[in-house]
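# Topology and contacts: notes
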Amino acid sequence: MNNSNDSTGQLPRQIACAAIWLFAMTVCDQPASGQDSSGSTANGPPAPNIVLIIADDMNWDDCGAYGHPAIRTPNIDRLAAEGLLFEHAYLTTNSCSPSRASILTGKYPHNTGAEQLHWPLPAGSRTMAEELQKLGYYTAAAGKWHLGAAVRGHFDRIYEASTAGFVLPAGTDGQPPKMVAAQPSGCEDWERAIDERPRDQPFFLWLAALDPHREYTDGALHPPHQQSDVIVPPHLPDTPQVREDLRQYYDEIGRLDSYVGLVLSKLKEQSVDHNTLVLFISDNGRPFPRDKTTLYDGGIRTPWIVRWPSRVSGNRSTNALVSSVDIAPTFIELAGGNRAAMPAEGVSFVGVLDDPSRPHREFAFAEDHWHDYEDHARCVMTQRFKLIRNDYVDLPSTPSADAGRGLSWQAMLTLQREGKLAPHQQTCFRSPRPKWELFDLQRDPGELVNRFDDPAYRSARERLSSGLAEWTKRTGDYIPSQRTPDEFDRVTGEPDHSVRKRPRPSKHQMFGTSGRY
């Protein structure tokens, strides 16, 4: 470079430099390959678009990506083939709206003010959607809402599915107990939500299905699954009624999968798929007895698949232990925000996205609260062990009311009356329950053998007990001072209209507080 003060030829050089500067600024101002104008993190690459897909009542391993040989899920399987699959992912609770409230706020359920089914998030709740708005994101929710009115403003637009898909209408006992929405999948507006976003902002989409929540009807998938496709888990009896129940559940998973495919196609069509992080999870487990509303893996373990082509290598898996309370701080970090700005209780798993061999959590924790019926329990787990503490041992582990009206529970009631139900299938009838349950998830994935009093598991019991005690103190957990009445009959699943009101009153309306009660 010539550093002379000689002005000969200086003007042409100035013009040339200006032209180079203008070209460079023009190039830098263009979206990266596969991106629209989505902004960027501080001194880093463009901020990713974020799409969170939430299945409604899908078991963690009921898809091809997690090894199911018969359920047809080509698009969920594609997410795993092109992304990172988490082998040990857990939700913070076993119930629909409390799980969603926990995910959105980054708090454990007992600290959200919305830990019971149908309780709305209270006014003043901080959410990751609100924080992403502050960071310049367009935020939209499409499908099942189930979060209340106070946080609706945290989304720029909401395409809300009908509550008829998950709330039994209040009325007389003569009403048909069916929950079927006009748009039964809850995913019908997902493509529209992508189409109608502004093109000059990064976006966060909360895409919440109604599939595979009950009630089940024929016609969800063409061609349908067959009863011969069904794999009956050991805690359920293998009867034609149970197989038919599971077959229809499989069909709704298949329908959900088709909408996952439409989302991926739409992102590609708009040339934004390369820098869009897609996370697929469920809100809780399978809506069957001893699954949903329990703290067994069938209630709280979730599929968890991340696809993000610009940063995450495909066809990989990780043994890192993650919790749904970790989602909010992760998304905020990826968006370039200050994790301290939102009082989340989780831990960002960004490091695992960059290095799947990296450990994340020592323990994950989950809670059991009122869901149609009263209950209260806690659990702590590692990749290998799980410890459950049942606080209301006098109450049986009654399945959710929608599952109670289903074919499987009705078949189990008949077999129980006839004395034909196997002992390991009687968990939902057992009262009193054990105070403590300890399971070796590696040797006993069905969680059928309680090892709490086994001397061989003393060290595991002590380690998990200590972890649970420390978490209880750190997060301010507590046992309520009063119980909440059941809203349904524990045998028939029929509603008690003397107790049941819709919309359900909030926690503050019922107990005078959004906190400890």
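Given the structure is predicted, the values throughout are model-derived calculations rather than measurements.

This part takes up the overall build of the protein. Along its length, the protein carries 13 helices and twelve strands. For the protein, the proportion of its 517 residues judged to be buried stands at 57%. Once local pairs closer than 6 in sequence are excluded, the contacts in the protein between residues at least 24 apart make up 73%. Element-wise, carbon and sulfur atoms account for 51% of the exposed surface of the protein, whose accessible area totals about 20500 Å².

Turning next to the packing of helix H2 (residues 74-81) against helix H6 (residues 240-269). Two numbers describe how H2 lies on H6: the axes approach to 7 Å, and their chain directions differ by 50°. Judged by the angle between their axes, H2 and H6 are oblique. For the pair H2 and H6, the contacting residues are Pro74, Asn75, Ile76, Arg78 and Leu79 in the first and Asp257, Ser258, Val260, Gly261 and Leu264 in the second. Residue classes in the contact of H2 with H6 are distributed as five nonpolar, three polar and two charged.

With respect to burial, strand E3 (residues 138-143) is a largely interior element, six of its six residues being buried. Here six bridges tie E3 to strand E5 (residues 203-208), and the two strands are oriented parallel to one another. In the sheet register, Tyr138 faces E5, and the bridge partner there is Phe203. Direction of pairing for E3 relative to strand E4 (residues 157-160): parallel, over a ladder of four bridges. Its bridge partner being in E4, Ala142 is matched across the sheet by Tyr159.

Our focus in this paragraph is the nonpolar core. Grouped together as the largest cluster of nonpolar side chains are 99 residues, with contacts concentrated most on Met128, Phe204, Trp206 and Trp304. In terms of residue count, H6 provides more of this core than any other element does, eleven residues in total. Setting aside residues up to four positions removed in sequence, Trp206 forms contacts with Leu52, Ile54, Arg100, Ile103, Leu104, Met128, Ala140, Ala141, Ala142, Lys144, Leu147 and Phe155. Membership of the second largest hydrophobic core comes to 14 residues, among which are Leu438, Tyr457, Ala460 and Leu464.

Looking now at the sheet that holds E5. Taken in spatial order, the eight strands of this open sheet run E4-E3-E5-E1-E6-E7-E2-E8, and their pairing is mixed. On the outer flanks of this sheet lie E4 and strand E8 (316-323), each paired with one strand and no other. Averaged over all pairs of adjacent strands, the angle between their axes in this sheet comes to 15°, without regard to strand direction. Sheet analysis places strand E2 (residues 84-90) next to strand E7 (residues 305-307), joined by two bridges and oriented antiparallel. The partner of Leu84 across the bridge, within E7, is Val306. Each of strand E1 (49-55), E5 and strand E6 (276-282) touches helix H3 (residues 96-105); the most contacted strand, E5, lies at about 170° to it. Where helix H8 (residues 327-334) meets the sheet, it contacts E1, E5, E6 and E8, and its direction lies at approximately 175° from that of E6.

On to helix H12 (residues 458-475). Helical periodicity: at 3.6 residues per turn, an α-helix aligns residues three or four positions apart in one direction. Counted at 1.5 Å a residue, the expected span for H12 with its 18 residues is 26 Å, and the 26 Å between its end C-alpha atoms agrees. Along H12, the residues classified as buried are Ala460, Leu464, Gly467, Leu468, Trp471 and Thr475. When H12 is viewed along its axis, its buried side chains cluster within an angular range of 100° and face the same direction. Opposite its buried face, H12 presents the exposed residues Arg458, Ser459 and Lys473, each directed more than 90 degrees away. Each element contacted by the buried residues of H12 is listed here: strand E9 (364-368), strand E10 (377-381), strand E11 (385-390) and strand E12 (436-440).

Glycine aside, the phi torsion of most residues is negative, and most peptide linkages are trans. Cis geometry is found at the peptide bond from Asp211 to Pro212, where omega equals -5°. Counting through the fold element by element, Pro212 comes out in the loop between E5 and H6. Here Arg214 and Glu215 are connected by a cis peptide whose omega angle stands at 10°. Structurally, Glu215 is set in the loop between E5 and H6. Phi is positive for Thr293, close to 75°, though the residue is something other than glycine. Here Thr293 is to be found in the loop between E6 and helix H7 (297-300). For Thr293, a relative accessible area of 7% puts it in the buried group.

Calculation notes
Residues numbered from 1 in each chain as written. Predicted model: local features only at pLDDT ≥ 70, side-chain atom pairs only at ≥ 80, totals over all residues. Heavy atoms only, no water. Helix = DSSP H or I, 4+ residues; strand = E, 2+ residues; numbered from the N terminus. Buried < 20%, exposed > 50% of the residue type's maximum accessible area, 1.4 Å probe, protein only. Contact = heavy atoms within 4.5 Å. Areas by Shrake-Rupley, 256 points an atom, 1.4 Å probe, with all protein chains shown as cover. Axes fitted to C-alpha atoms, helices over the stretch in contact; angles between N-to-C directions. Parallel < 35°, antiparallel > 145°, perpendicular 65-115°, else oblique. Nonpolar A, V, L, I, M, F, W, Y, C, P; charged D, E, K, R; others polar. Pairing = 2+ DSSP bridges. Core = buried A, V, L, I, M, F, W, Y, C linked by side-chain atoms within 4.5 Å. Expected span 1.5 Å × (residues − 1). Arc of directions from axis to C-beta.

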